[in-house]
Amino acid sequence: MNFLNTSEVNLEFLIDSAMRFKAGDDQAKPLSGRSVALVFFNPSLRTRASMQVGIYELGGNAVVLEPGGTSWTLEHRAGAVMDGDKTEHVAEFVRVLERYCVAIGVRTFAALKNWEEERTDPVLNAFAKYASVPIINLESAMHHPCQAAADMMTIREKLGSGRKRVVLTWAWHPKPLPMAVPNSFALAAAQMGHDLVIAHPRGYELDEELIETARRHSSVEITNDIDAAFDGAEVIYAKSWGAKQFYGDADRDLSERAQYRDKWIVNESKMSRTNKAVFMHCLPVRRNVIVTDGVIDSRSSVVIDEAENRLHVQKAVLAKIL
Ligand code: CP
């Protein structure tokens, strides 16, 4: 089985497994003598390190490849005439790798050029199309399921099981960023049955189809009022993302968002409106841009535990799909 987004798994079971790994109660080595390929088109600290360490702790070996860097540039389009700068096609890349490796993880961010095309995750799906081994999404244009599962584990660990008032808030950032993290967080929070509030300025809506899917799981409230959104929140999850309407025109997004710089930041005064909320962010985070030092360094911040949980979740994902 693949792990392309959280809809494909029972998150409660996955978190149970991750908790057992974290507690040291699961010492299984399902990857003993086996290798897993990790393909990174983009930079990473947490995903790369937690996957490499997780594979090692499960008895296996990680093969890390960076197309265009430590491996050849890759074409993913079917039928492409490869007379440009791409040296190898995903068709051969995947079929060769799976002769060595039992699964392939892929990180491939949105290029933020064409929303309608990128929302279909063309690169990730090309890997899935040609592979006969499991494909693990390590963050694509649309989804970051490993992050979202670690986020849900962190909420359960800090606040216990059961429905919580969870706020996903957009924050100002000096450049447009992909939507994979907020998409997956919203979907996973709804899958877990939380009362989800999404706060963002007008024009920064998430994918409509994804929100409709989330609404089939739980309540989803969308607001353009960041202050009111914090009232009574038990979780504040901050993230910036680019506006779909400005994909391909970053300058228009930058001029639109300029008005939100001082308003859309997580600070002490907003946190004081919450119900003793924990502060979460997937990291990396720009201090005093997305969140003030006062909040991220406070006792309410759980960002480091959240990052640690990436490791336990990666192991749970690997153990499940292999
Ligand atoms: N949160 C996350 O995916 O971090 P990296 O980009 O460092 O992997």
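This is a predicted model, so every value here is computed, not measured. (Residues numbered from 1 in each chain as written. Predicted model: local features only at pLDDT ≥ 70, side-chain atom pairs only at ≥ 80, totals over all residues. Heavy atoms only, no water.)

A. Highlighting the sheet that holds strand S8 (residues 195-199). Overall, parallel pairing links the five strands, which are arranged S9-S8-S7-S10-S11 in an open sheet. If you trace the sheet from one side to the other, it starts and ends with strand S9 (220-223) and strand S11 (278-280), each paired once. Between one strand axis and the next, the sheet turns by 20° as a mean value, whatever way the strands run. Looking at chain direction, strand S10 (residues 235-239) and S11 are connected through three bridges and run parallel. In the strand pairing of S11, Val-235 is matched with Val-278. (Pairing = 2+ DSSP bridges. Helix = DSSP H or I, 4+ residues; strand = E, 2+ residues; numbered from the N terminus. Axes fitted to C-alpha atoms, helices over the stretch in contact; angles between N-to-C directions.)

B. Highlighting the site of the ligand. With respect to spatial proximity, the complete set of residues near the ligand consists of Ser-44, Leu-45, Arg-46, Thr-47, Arg-107, His-144, Gln-147, Cys-282, Leu-283 and Arg-310. Here an oxygen atom of the ligand and a side-chain polar atom of Arg-107 are 2.9 Å apart. Separating an oxygen atom of the ligand from a side-chain N or O atom of His-144 is a distance of 2.8 Å. In the shell around the ligand, the residues fall into three nonpolar, four polar and three charged. (Near = heavy atom within 4 Å. Polar contact = N/O pair within 3.5 Å; in protein donor to acceptor, adjacent residues only side chain to side chain. Nonpolar A, V, L, I, M, F, W, Y, C, P; charged D, E, K, R; others polar.)

C. Quick look at unusual backbone geometry. Following Leu-283, the chain continues into Pro-284 via a peptide bond in cis, with omega recorded as 0°. Structurally, Pro-284 is set in the loop between S11 and helix H12 (293-296). A positive phi angle, near 120°, is found at Glu-139, a position not held by glycine. Mapped onto the fold, Glu-139 is located in the loop between strand S6 (135-137) and helix H6 (145-159). Residue classification places Glu-139 among the buried positions, given a relative accessible area of 10%. Within the chain, Lys-276 stands out as a residue other than glycine whose phi angle is a positive 50°. (Buried < 20%, exposed > 50% of the residue type's maximum accessible area, 1.4 Å probe, protein only.)

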